[in-house]
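# Architecture and fold: a report
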Amino acid sequence: MKKLLWLLVTVLLVLAGIVFSGPYVTVHGLSRAIEQRDTARLDRYVDFPMLRANLRAQLSDYVVRRAGPDMQSSLFGALLLSAGDRLSATAVDALVTPTGIGALLEGHTLWKRASSDLDSPSNDAYAAPRPARPLNGATHHFESLSRFTATTHTPQGAPVVFILQRSGLRWRLVDIRLPLNPQSTAPSVLPIQ
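None of these values were measured; they are calculated from a predicted model.

### Details of the overall build of the chain
Secondary structure summary: the chain contains 5 helices and 4 strands in total. Mapped from its N terminus to its C terminus, the chain presents α and β elements in the order α-α-α-α-α-β-β-β-β. Burial statistics for the chain: of 193 residues in total, 30% are counted as buried. Summarising the internal contacts of the chain: among those between residues at least 6 apart in sequence, 55% fall at separations of at least 24. Surface summary for the chain: the accessible area is close to 12,000 Å², and the carbon and sulfur share equals 63%.

Laid out in structure tokens, this is it:
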């Protein structure tokens, strides 16, 4: 009877360890996949359909708030908002895929090479780019047993929150809360370093 009790306690401790270490493993895996520009590995750590839906809703809300009540109440404004909503949904659908994220990362590399980034150690436009580290220095927080956040800040100090959700024993990125400020003219998005 004691052996069965010890076995049960051991199994529960192992499961608790897996559940509580899971988001940290996912954050590390995400960081490594982005650093190495491994789009196939990103698919393991990101729930792309849910991420697309959450980003679409976020951008749609941003556009409506930016338009203001006068634009929303007019017929022409409603048509423009509808077109803007479709355009932002199409852009999110195209970009929030493993290939789209890979293209964004490659586009960033090409931009760095074309602009000869001045803060790099050498001004060689063809030097190997510094790896992207968007989750470096993030603060981590469990919101519940199945929800975890990693928060970073833009150079301007605005928070960017990466939200992970547990499904079974697996944790995946389901949302990125961008610092969309209705007073600013453009969303300030976390730059890839």
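Following the structure, the description resumes.
### Some details on the pattern of salt bridges
Enumeration over the complete set of coordinates arrives at 2 salt bridges. Salt-bridge contacts for aspartate 175 lead to arginine 177; the nearest nitrogen and oxygen are separated by 2.6 Å. For arginine 177, a relative accessible area of 40% puts it in the partly exposed group.

### So, the sheet that holds strand S2 (residues 147-153)
With respect to topology, 4 strands assemble into an open sheet ordered S1-S2-S3-S4, the strand pairing being antiparallel. Of all the strands in the sheet, just strand S1 (139-144) and strand S4 (170-177) have a single pairing partner and so form its edges. Adjacent strand axes in the sheet meet at a mean angle of 25 degrees, parallel and antiparallel pairs treated alike. Pairing analysis gives 5 bridges linking S1 to S2, with the strands arranged antiparallel.

### What about helix H4 (residues 75-95)?
Its 21 residues place the ends of H4 30 Å apart at the C-alpha level, agreeing with the 30 Å of an ideal helix rising 1.5 Å per residue. Within H4, burial applies to Gly77, Leu81, Ser88, Ala89 and Val92. Projection of H4 onto a plane perpendicular to its axis shows the buried side chains occupying an angular sector of 110 degrees, all on one side. Structural note: H4 exposes Leu75, Phe76, Leu79, Arg86, Leu87 and Thr90 on the side pointing more than 90 degrees away from its buried face.

### A look at helix H1 (residues 2-35)
Since one α-helical turn is 3.6 residues long, residues separated by three or four positions face the same way. For H1, with 34 residues, the first-to-last C-alpha span of 48 Å sits near the 50 Å given by 1.5 Å per residue. Approximately 40 degrees is the largest bend angle found in H1, and it occurs at serine 21, with the proline proline 23 only one to four residues beyond. Positive backbone phi, at 55 degrees, marks arginine 37, one or two positions downstream of H1.

### Observations concerning the nonpolar core
In this structure, Leu30, Leu42, Val46, Leu51, Phe162, Leu173 and Ile176 are the most contacted members of the largest nonpolar core, which totals 22 residues. In terms of residue count, the dominant contributor to this core is H1 (4 residues). Apart from residues no more than four positions distant in its own chain, leucine 30 is found in contact with Leu42, Tyr45, Val46, Leu135 and Leu173.

### Brief notes about the confidence of the model for the chain
When pLDDT is averaged across the chain, the result is 75; 74% of the residues are at 70 or more. Mean pLDDT across the secondary structure elements of the chain bottoms out at helix H5 (residues 98-115), with 53, and peaks at S1, with 91. For residues 113-120, every residue scores under 50 in pLDDT, and the model assigns this stretch 12 contacts once sequence neighbours within four places are set aside.

### Overview of the pairing of strand S3 (residues 159-167)
Taken together, the 7 bridges between S2 and S3 define a ladder with antiparallel strand orientation. Bridging across to S3, threonine 152 finds its partner in valine 160. The hairpin formed by S2 and S3 contains 5 residues between the paired strands, and glycine 157 there has a positive phi angle of roughly 95 degrees. With 7 bridges connecting them, S3 and S4 associate as antiparallel partners. Note that in S4 the partner of serine 167 across the bridge is arginine 170. The turn joining S3 and S4, which pair antiparallel and follow one another in sequence, is formed by 2 residues; a positive phi near 70 degrees is taken by glycine 168.

Conventions we followed
- Residues numbered from 1 in each chain as written.
- Predicted model: local features only at pLDDT ≥ 70, side-chain atom pairs only at ≥ 80, totals over all residues.
- Heavy atoms only, no water.
- Helix = DSSP H or I, 4+ residues; strand = E, 2+ residues; numbered from the N terminus.
- Buried < 20%, exposed > 50% of the residue type's maximum accessible area, 1.4 Å probe, protein only.
- Contact = heavy atoms within 4.5 Å.
- Areas by Shrake-Rupley, 256 points an atom, 1.4 Å probe, with all protein chains shown as cover.
- Salt bridge = Lys/Arg side-chain N within 4 Å of Asp/Glu carboxyl O.
- Pairing = 2+ DSSP bridges.
- Axes fitted to C-alpha atoms, helices over the stretch in contact; angles between N-to-C directions.
- Expected span 1.5 Å × (residues − 1).
- Arc of directions from axis to C-beta.
- Bend = angle between axes of the 7 residues up to and from the residue.
- Core = buried A, V, L, I, M, F, W, Y, C linked by side-chain atoms within 4.5 Å.
- pLDDT = per-residue confidence, 0-100.

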